[in-house]
Amino acid sequence: MTVLALDFETANERRDSACAVGLAWIADGRVVRRESHLIRPPEMRFSPGNIRVHGILPSNVADAPDFATAMAPYLDDLRRGLILAHNASFDIGVLRAGLVRAGLPVPDLSYLCTVQVARRVFPGPEGCGLGKVARRLGIRFEHHDAGEDAYACAEIALAAMRERDAADVHALAALLGLPIARAVGGPAVPRRLLGAPPGAISGRAMAAFPQAPTALRFAMRGSTGNRYDVRLEERPGGPLLRCTCSAGRFGVRCRHVKALEVGDITDLLSDNAADVVLLARMLGGKARVSGAA
């Protein structure tokens, strides 16, 4: 099976705003191939904080390929292989969100988070961020360059294999008691219907999905571990996602609602990820499914 490390940089807070991708393939106990590419995001909105992290400017990607074009050569390997990523829920989320935004089917994906590997094999009081683990292991790389980050991620996995005398990444995962995570894909989602406000679902979209529950409901974990409910409510302007957190009670479109709108299910507590897929289709592509399934 193909094993490759994956890293994305994004232009802003949205998971579908990839502006760079890096990949590194592992075989025979070493990195055998590396690729990196700039990507033109669908919206050329770059947040200052993101620019401070990766240094990529809109002018750098003005002539770069879009997500579908940039990722096309690698989708078979990603679909059939095992993906390594440092903080995998983010990178898998970006991959899935980018495919949905491009109107492409999302394949089933298998992945292993090297943060979890590092915590078991190379723990340290300063934490297990990519740069920190790489420094502990003497891995030299240029942090926040997508290609370099993918390479460092792959080298961390290889170092863990050597440390635990594991024949391959699958054997390493088994030795560490880390199950290979699987993210279930789905068919292409239609693009968002024009004119629908964020979080709202038009009557036209609702009519197209008679199988939808009368009230979609999601349990979400707050930043302090509290549980909040996000419900799809009937409003005068059409159904709207509302949350029971303090911000949501005052009518603010809170981070829990925003997470569901972009398909980030990292903090989903309820066992209804399939409803997030349905929500994506009802929103016509506004919501996207990402993170661990």
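Provided above is the structure to which this section pertains.
The text that follows walks through the structure, step by step, so that each part is easy to find. Note that residues are indexed from 1 along each chain, following the sequence as it is written. Selection of residues for local features in this predicted model requires a pLDDT of at least 70, selection of side-chain atom pairs for listing and counting requires 80 or more, and totals for whole chains, interfaces and linings are taken over all residues. Only heavy atoms go into the side-chain values, all of them from the structure, while hydrogens and water stay out.

**Quick notes on the overall build of the protein**
For the protein, the helix and strand inventory stands at 13 helices and nine strands. Per-residue accessibility, obtained with a 1.4 Å probe over protein chains only, is compared with the maximum for each type, and a residue is labelled buried under 20%, exposed over 50%, and partly exposed between these values. The proportion of buried residues among the 293 residues of the protein is 51%. In the protein, the proportion of contacts linking residues at least 24 apart, taken out of those at least 6 apart, comes to 63%. Accessibility throughout is a Shrake-Rupley quantity obtained with a 1.4 Å probe, and a residue counts as covered only by protein chains that appear here. Carbon and sulfur atoms provide 51% of the accessible area of the protein, an area that totals close to 13700 Å². Only runs of H or I of at least four residues qualify as helices and only runs of E of at least two qualify as strands under DSSP, and these elements are numbered from the N terminus. By definition in these notes, contact holds between two residues if any of their heavy atoms fall within 4.5 Å.

**Re unusual backbone geometry**
With phi around 70°, N87 is a residue other than glycine that occupies positive phi space. Tracing the backbone through its elements, the reader meets N87 in the loop between β4 (82-85) and α5 (88-101). Using a relative accessible area of 42% as the deciding quantity, one classes N87 as partly exposed. Its identity is not glycine, yet H144 carries a phi of approximately 75°, on the positive side. As for its position among the elements, H144 is in the loop between α7 (130-137) and α8 (146-163). Using a relative accessible area of 30% as the deciding quantity, one classes H144 as partly exposed.

**Describing the packing of aromatic side chains**
Between rings of Phe, Tyr and Trp, where Trp is taken as its six-membered ring, a pair exists when centres lie within 6.5 Å; planes separated by under 30 degrees are stacked, by over 60 edge-to-face, and by other angles tilted. All told, the structure shown has two aromatic pairs when counted by the stated rule. Judged by centre distance (5.9 Å) and plane angle (25°), the rings of F8 and F67 are stacked. Taken as a pair, F8 in strand β1 (residues 3-10) and F67 in helix α3 (residues 67-71) lie far apart in primary sequence, 59 residues in all. Neither F8 nor F67 differs from the other in exposure class; each is buried. Where W25 meets Y74, the ring centres are 5.9 Å apart and the plane angle is 55°; that geometry is what we call tilted. Of this pair, W25 sits in strand β2 (residues 18-27) while Y74 sits in the loop between α3 and α4 (75-80), and the two are 49 residues apart along the sequence. You'll find W25 and Y74 in the same group, each marked buried. Any Lys NZ or Arg CZ that is within 6 Å of a ring centre and within 35 degrees of that ring's normal is treated as a charge sitting over the ring. Its guanidinium or amino end placed over the ring of W25, R33 lies 4.0 Å from that ring's centre, counting from NZ or CZ. The ring of Y151 carries R34 above its face, with NZ or CZ at 4.1 Å from the centroid.

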